[in-house]
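Tertiary structure, described
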Amino acid sequence: MGKDSELVQAVKTEDLILVQRIIGKLKSKHRKSVSSKKSPLNFQDDVGFSALHHASLIGNCGILGTLLDNHNHIIVDLKDNKGKALVSITILLFPL
């Protein structure tokens, strides 16, 4: 299994303060407001899940809100390794 990014690890442990700190640090390093797949904010793990995927699957609204507040730096429609977008995965796991 590959190494998770610091942001993904903070999301998995549900550490909102650390998530905010990491995003602030990464945003100051990468001042461009354009989302980039290569940005550390959009790191994808071995199965193609980003921090946003993990926050959604965990159901942590505080972390999810923090990530979405930074939508100009985070790509919200990244696909996993199977080609599924976050919305598709969420609907499959949490049907209405």
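Here's what I pulled together on the structure shown here.

Considerations on unusual backbone geometry
Even without glycine at this site, Glu14 takes up a positive phi of about 60°. Relative to the assigned elements, Glu14 resides in the loop between α1 (6–12) and α2 (16–29).

A word on the pattern of salt bridges
Counting across every chain of the model gives 1 salt bridge. With a closest N to O distance of 3.4 Å, Lys25 and Glu6 form a salt bridge. On the criterion of sequence distance, the pair formed by Lys25 in helix α2 and Glu6 in helix α1 is long-range, its members being 19 residues apart. Classification of Lys25 as partly exposed rests on a relative accessible area of 41%. When its relative accessible area of 45% is taken as the criterion, Glu6 is described as partly exposed.

With respect to the side chain of Ser5
Relative to the assigned elements, Ser5 resides in the segment before α1. Residue Ser5 is classed as buried on the basis of its relative accessible area of 15%. There is a polar contact of 3.1 Å between the side chain of Ser5 and the backbone nitrogen of Val8.

Topic: the nonpolar core
By size, the foremost hydrophobic cluster in this structure holds 16 residues, and its most contacted members are Leu7, Val11, Val19 and Leu67. Put simply, the parts of the chain that give this core at least two residues each are α1, α2, α3 (51–58) and α4 (61–69). Apart from the residues lying within four places of it in its own chain, the contact partners of Leu67 are Leu7, Val11, Val19, Ile23, Ala51, Leu52, Ala55 and Ile74.

Remarks on α3
The buried fraction of α3 is high, at 6 of 8 residues. Within the span of α3, buried status applies to Ala51, Leu52, His53, His54, Ala55 and Ser56. Phi turns positive, to about 85°, at Gly59, one or two residues after α3.

Digging into the packing of α3 against α4
The geometry of α3 relative to α4 is characterised by a closest axis approach of 8 Å and an angle of 150° between their N-to-C directions. Taken together, the axes of α3 and α4 are roughly antiparallel relative to one another. Relative to α4, the crossing made by α3 is left-handed. Here Ala51, Leu52, Ala55 and Ser56 of α3 come into contact with α4, specifically with Ile63, Leu64, Leu67 and Leu68. Among the residues forming the contact of α3 with α4, the class breakdown is 7 nonpolar, 1 polar and no charged.

Cut-offs and rules
Residues numbered from 1 in each chain as written. Predicted model: local features only at pLDDT ≥ 70, side-chain atom pairs only at ≥ 80, totals over all residues. Heavy atoms only, no water. Helix = DSSP H or I, 4+ residues; strand = E, 2+ residues; numbered from the N terminus. Salt bridge = Lys/Arg side-chain N within 4 Å of Asp/Glu carboxyl O. Buried < 20%, exposed > 50% of the residue type's maximum accessible area, 1.4 Å probe, protein only. Polar contact = N/O pair within 3.5 Å; in protein donor to acceptor, adjacent residues only side chain to side chain. Core = buried A, V, L, I, M, F, W, Y, C linked by side-chain atoms within 4.5 Å. Contact = heavy atoms within 4.5 Å. Axes fitted to C-alpha atoms, helices over the stretch in contact; angles between N-to-C directions. Parallel < 35°, antiparallel > 145°, perpendicular 65-115°, else oblique. Left-handed = near helix turned anticlockwise from the far one by under 90°. Nonpolar A, V, L, I, M, F, W, Y, C, P; charged D, E, K, R; others polar.

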